[in-house]
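Spelled out from the first residue to the last, the chains are:
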Amino acid sequence: MQTNILLIYTGGTIGMVKDFDTGALRAFNFDKLLKRIPELSHLNCNINTVSFENPIDSSNMNPGYWVQIVEIIEENYEDYDGFVVLHGSDTMSYTASALSFMLENLAKPVIFTGSQLPIGDLRTDAKENLITSIEIASLKKNNKPVIREVCLYFEYKLYRANRTTKINAEHFQAFASLNYPPLAESGVHLKVNHEYLLKPTRKKLKVHKNMEANIALVKLFPGINEATISCLLLNPATEAVILESYGAGNAPTEKWFEEVLKKAVNSGKIIINVTQCSGGSVLMGQYETSSHLKKIGLINGKDITTEAAVAKLLYLLGNNIQRKVFKTIYETSLRGEMV
Ligand code: ASP
């Protein structure tokens with residue numbers, strides 16, 4: 001039986017063309033570009049496309065657009081077996097992580113992909129990424145979708161979306177998932193690593209759309225000073241802060257630093273401790289340089305990526321989770337985004 005796949009084009013290099021005057025890449029009408037991939041007609045599925053009215057470079061992505069994508073999926077959820085979202089690679093991990101939280105009890109595949117070169121380019125990586133993403137979104141076993149989560153497919157690997165990070169601005173292998181193995185690998189065979197997939201749910205899809213909040217992302221560096229940290233952490237407009245600390249979640253033990261953190265926490269701000277390393281986990285209390293953070297009440301981001309940390313924070317703030325239980329819920333894996 002043929003499967004029905006909805007292709008959602010939001011923008012990004014995959015559908016861009018070169019502007020003759022400036023030489024810069026800009027978004028283009030994707031429908032026209034799809035005609036350049038006759039291979040799509042060989043796939044055993046019906047493909048329909050919907051495109052953002054004005055496709056964007058993903059550097060312009062924001063929660064308003066996340067809601068637009070989610071609404072397209074929500075409106076078409078019953079009519080399609082799977083969804084492929086074409087998105088610029090620059091902020092793809094943020095959007096895909098956000099969707100993993102916004103689509104609670106997802107029971108169908110939502111596969112994000114894009115490319116480093118436009119689909120019309122001779123050496124493009126777009127065709128393989130697109131064709132295999134569609135194949136993955138069509139996979140079925142006992143008439144049920146094999147993948148039932150938000151994923152990101154790029155350069156022969158399928159990842160859990162909220163575990164990914166863009167690691168390279170020019171290699172075709174632009175993404176990595178350092179804390180979680182690939183869900184599938186494409187070679188001569190398409191090999192699905194079933195043991196790593198999220199367990200299926202029978203609950204009804206629940207869509208969350210409130211993803212706007214005042215948060216800050218602060219990356220520590222040797223030499224960051226009191227004036228800067230105070231300005232970022234004590235700003236009355238800021239509800240919550242993601243603190244990118246060193247290594248296994250370590251930070252300076254200087255008095256002024258500790259005092260600013262205490263002041264922020266005592267004034268009701270939420271602070272999440274994530275590591276600025278691409279792989280590995282925060283282990284608060286392993287070193288003296290993180291014991292103070294634990295005592296002050298920072299939330300343990302464990303092995304979450306910064307992208308997923310941002311998405312999860314916006315999701316939980318948008319859901320008005322009470323402060324009493326916020327820490328416990330944040331430290332619990334909700335969509336397989338942390339251990
Ligand atoms: N700047 C582009 C974007 O993120 C890069 C890409 O498509 O990969 O939209």
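Structure: see above.
Described below are features of the structure shown in this document. (Residues numbered from 1 in each chain as written. Predicted model: local features only at pLDDT ≥ 70, side-chain atom pairs only at ≥ 80, totals over all residues. Heavy atoms only, no water.)

### Observations concerning the overall build of the chain
Operational definition: The helix and strand labels rest on DSSP assignments: H or I over at least four residues marks a helix, E over at least two residues marks a strand, and numbering proceeds from the N terminus. Note on method: radius of gyration uses C-alpha positions; expected globular size equals 2.2 Å times residues raised to 0.38. Whether a residue is buried, partly exposed or exposed follows from its accessible area with a 1.4 Å probe, protein chains only, as a fraction of its type maximum: under 20%, in between, or over 50%, in that order. Values of accessible area rely on a 1.4 Å probe in the Shrake-Rupley scheme; residue burial ignores everything except the protein chains shown. Counted as positive: Lys and Arg. Counted as negative: Asp and Glu. His and the chain ends are not counted at all. A charged residue contributes its charge at one atom only: NZ of Lys, CZ of Arg, CG of Asp or CD of Glu.
In terms of helices and strands, the chain carries nine helices and 20 strands. Taken over the C-alpha trace, the chain has a radius of gyration of 21 Å; the compact-globule value for 339 residues is 20 Å, and the two agree within 12%. Judged by the C-alpha coordinates and their principal axes, the chain covers about 65 × 55 × 35 Å. For the chain, with 339 residues in total, the buried portion stands at 53%. Of the accessible surface of the chain, which amounts to about 15,800 Å², a share of 50% is contributed by carbon and sulfur atoms. Put simply, the chain has 36 plus and 35 minus side-chain charges, and the middle of one group is 7 Å from the middle of the other.

### Here we look at the side chain of E258
Here is the rule: Contacts are residue-level and defined by heavy atoms, with any inter-residue pair within 4.5 Å sufficient.
Here E258 shows up in helix α6 (residues 255-266). For E258, a relative accessible area of 17% translates into the label buried. The contact partners of E258, leaving out residues within four places of it in the chain, are T253, H292 and I296.

### Observations regarding the sheet that holds strand β19 (residues 270-275)
Short version of the rule: At least two DSSP bridges between two strands are needed for those strands to be called paired.
Across the sheet, which stays open at both edges, the four strands sit in the order β17-β18-β19-β20 with parallel pairing between neighbours. Whereas interior strands pair on both sides, the edge strands pair on one side only; in this sheet they are β17 (215-219) and β20 (299-300). Across two bridges, β19 lies against β20 in parallel orientation. Each residue of the ladder has a partner; that of N273, found in β20, is N300.

### Considerations on the site of the ligand
Keep this limit in mind: Only a single heavy atom is needed: when it lies within 4 Å of a molecule or strand, its residue is near that molecule or strand. Nitrogen and oxygen atoms within 3.5 Å of one another constitute a polar contact, given that in protein one can donate a hydrogen and the other can accept it, and given that sequence-neighbouring residues count only through two side-chain atoms. Under this grouping Gly is polar, as are all residues other than the nonpolar Ala, Val, Leu, Ile, Met, Phe, Trp, Tyr, Cys and Pro and the charged Asp, Glu, Lys and Arg.
Neighbouring the ligand are G12, T13, D57, S58, G88, S89, D90 and S115. One of the side-chain N or O atoms of S89 is found 2.4 Å from an oxygen atom in the ligand. Residue S115 places a main-chain N or O atom 3.3 Å away from an oxygen atom belonging to the ligand. Considering the ligand on its own, with 270 Å² of exposed area, one finds that the protein chains cover 90% of that surface. The class makeup of the residues in the shell around the ligand is no nonpolar, six polar and two charged.

### Some remarks on the sheet that holds strand β11 (residues 157-160)
Definition in use: Orientation is described by axes fitted as lines to C-alpha atoms, over the contacting stretch for helices, and by angles from 0 to 180 degrees between their N-to-C directions.
Across the sheet, eight strands lie side by side as β4-β1-β5-β7-β10-β11-β14-β15; this open sheet has mixed pairing. Edge positions in the sheet fall to β4 (45-56) and β15 (190-192), since each of these pairs with one other strand and no more. Strand-to-strand twist in this sheet, taken as the mean axis angle between neighbours without regard to direction, amounts to 20°. Bridge count for strand β10 (residues 150-154) against β11 is four bridges, and the pairing is antiparallel. Paired with L152 across the bridge in β11 is Y159.

### So, the pattern of salt bridges
Threshold: By definition here, a salt bridge exists when the distance from a side-chain nitrogen of Lys or Arg to a carboxyl oxygen of Asp or Glu is within 4 Å.
One pass over the full model with this rule turns up 12 salt bridges. Between R163 and D303 there is a salt bridge, with the nearest N and O atoms lying 3.0 Å from each other. Taken together, the positions of R163 in the loop between β11 and β12 (165-166) and D303 in the loop between β20 and α8 (306-318) put the pair 140 residues apart, joining distant regions of the chain. Ionic pairing is found between K327 and E331, a salt bridge with its closest N-O pair at 3.0 Å.

### Examining the nonpolar core
In plain terms, the rule: Only buried residues count toward a nonpolar core, which is a set of Ala, Val, Leu, Ile, Met, Phe, Trp, Tyr and Cys residues joined through side-chain atoms within 4.5 Å.
Counting residues in each nonpolar core, the largest one holds 53 residues, and the members touching the most others are L99 and Y330. Among the elements that line this core, the one with the most residues is α8, at nine residues. In this view, Y330 contacts I272, I299, I304, A309, K312, L313, L316 and M338; residues no more than four positions away in its chain are not counted. One finds F30, C45, V146 and L197 within the second-largest nonpolar core, a separate group that totals 31 residues.

### Here's the deal with empty space enclosed by the protein
Convention followed: Grid points spaced at 1 Å and placed over the protein atoms alone form the basis of the search, with a cavity being a set where a 1.4 Å probe fits but cannot get out and a pocket an open set showing protein on both sides within 12 Å along at least five of seven lines. Lining residues have an atom within 4 Å of a point. Grid points are joined across faces, edges and corners, and a volume is the space filled by probe spheres set on the points.
Applying the stated criterion to the full structure yields one cavity of 30 Å³ or more. Space inside the largest cavity adds up to approximately 50 Å³. What lines the largest cavity is R163, T165, A176, S177, L178, N179, S278 and T305. Its residues assigned to classes, the lining of the largest cavity shows two nonpolar, five polar and one charged.

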